[in-house]
Amino acid sequence: MKTSIQPWLNVANSSEAGTFYKKAFGATETYRMESPDGGLVLRLAVGEAEFWVSGQSVSSENDKPVNASSEFIKILLVVDNPDQVFDSAIQQGAKVVFPVGEDYGWRLGRLTDPFGFDWEIGKELQEEENKSLIFTATA
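Every chain's residues receive numbers from 1 upward, in the order its sequence appears when written. At least 70 in pLDDT is required for a residue's local features to be given in this predicted model, at least 80 for side-chain atom pairs to be given and counted, and no such filter applies to totals for whole chains, interfaces and linings, which use all residues. Side-chain numbers come from the whole structure's heavy atoms, not from hydrogens or water.

J.: Just to check I follow, could you spell out the overall build of the chain for this structure?
T.: Helix and strand assignments come from DSSP, with helices taken as H or I runs of at least 4 residues and strands as E runs of at least 2, each series counted from the N terminus. For the chain, the count of helices and strands is 3 helices and 8 strands. Listing the helices and strands of the chain from first to last along the sequence gives β-α-β-β-β-β-α-β-β-β-α. Accessible surface is estimated by sampling points in the Shrake-Rupley manner with a 1.4 Å probe; for residues, cover comes only from the protein chains shown. Per element, the accessible surface of the chain, about 8,900 Å² overall, is 50% carbon and sulfur.

Structural data, given as structure tokens:
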């Protein structure tokens, strides 16, 4: 088994969110669980990267959707074609935070999806070039 971190996004409408992520990022649905009270849990994958989406269930206080806050969490989606994936997400209703460009050894752009989550869509540029980029924090 491969160790991984899989974000779990809690949204008001997981069916709508699943449709957005499939169209915007080319995600595929790898798991689906529907409950009789209308709850829906999805596991989606973009390539080998997986994440979860669930919606509001009337049976549990723990399932209430939270408001996404881009000041607390950002999701980095690393893909071979960041311009294409970024443009697709914008066409599906995401909002540009900053367009795709090159800086610090990455080709990267940031957007906010219709559910309030910030996604940085990008890829690392030439690996050898990035080895010389070392950042040191000073007090």
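There is more to say after this.
J.: Help me understand the packing of helix α1 (residues 14-25) against helix α2 (residues 82-91), please; the structure alone is not making it clear to me.
T.: Each pair of packed helices can be described by the angle between their axes along with the distance between the axes. Fitting a line to C-alpha atoms yields each axis, with helices limited to the stretch in contact; the angle taken between N-to-C directions then spans 0 to 180 degrees. Packing of α1 against α2 brings their axes to within 7 Å, and their N-to-C directions diverge by 140 degrees. Classified by the angle between their axes, α1 and α2 sit oblique to one another. Counted together, F20, K23, A24 and F25 of α1 and V85, S88 and A89 of α2 form the full contact between these two elements. Taken together, the residues that form the contact of α1 with α2 break down as 5 nonpolar, 1 polar and 1 charged. Angles are sorted into four bins: roughly parallel if under 35 degrees, roughly antiparallel if over 145, roughly perpendicular if 65 to 115, and oblique for all others. Whether two residues touch is decided by their heavy atoms; if any such pair falls within 4.5 Å, the residues are in contact. Gly is put with the polar residues, along with every residue not named as nonpolar or charged; the nonpolar set is Ala, Val, Leu, Ile, Met, Phe, Trp, Tyr, Cys and Pro, and the charged set is Asp, Glu, Lys and Arg.

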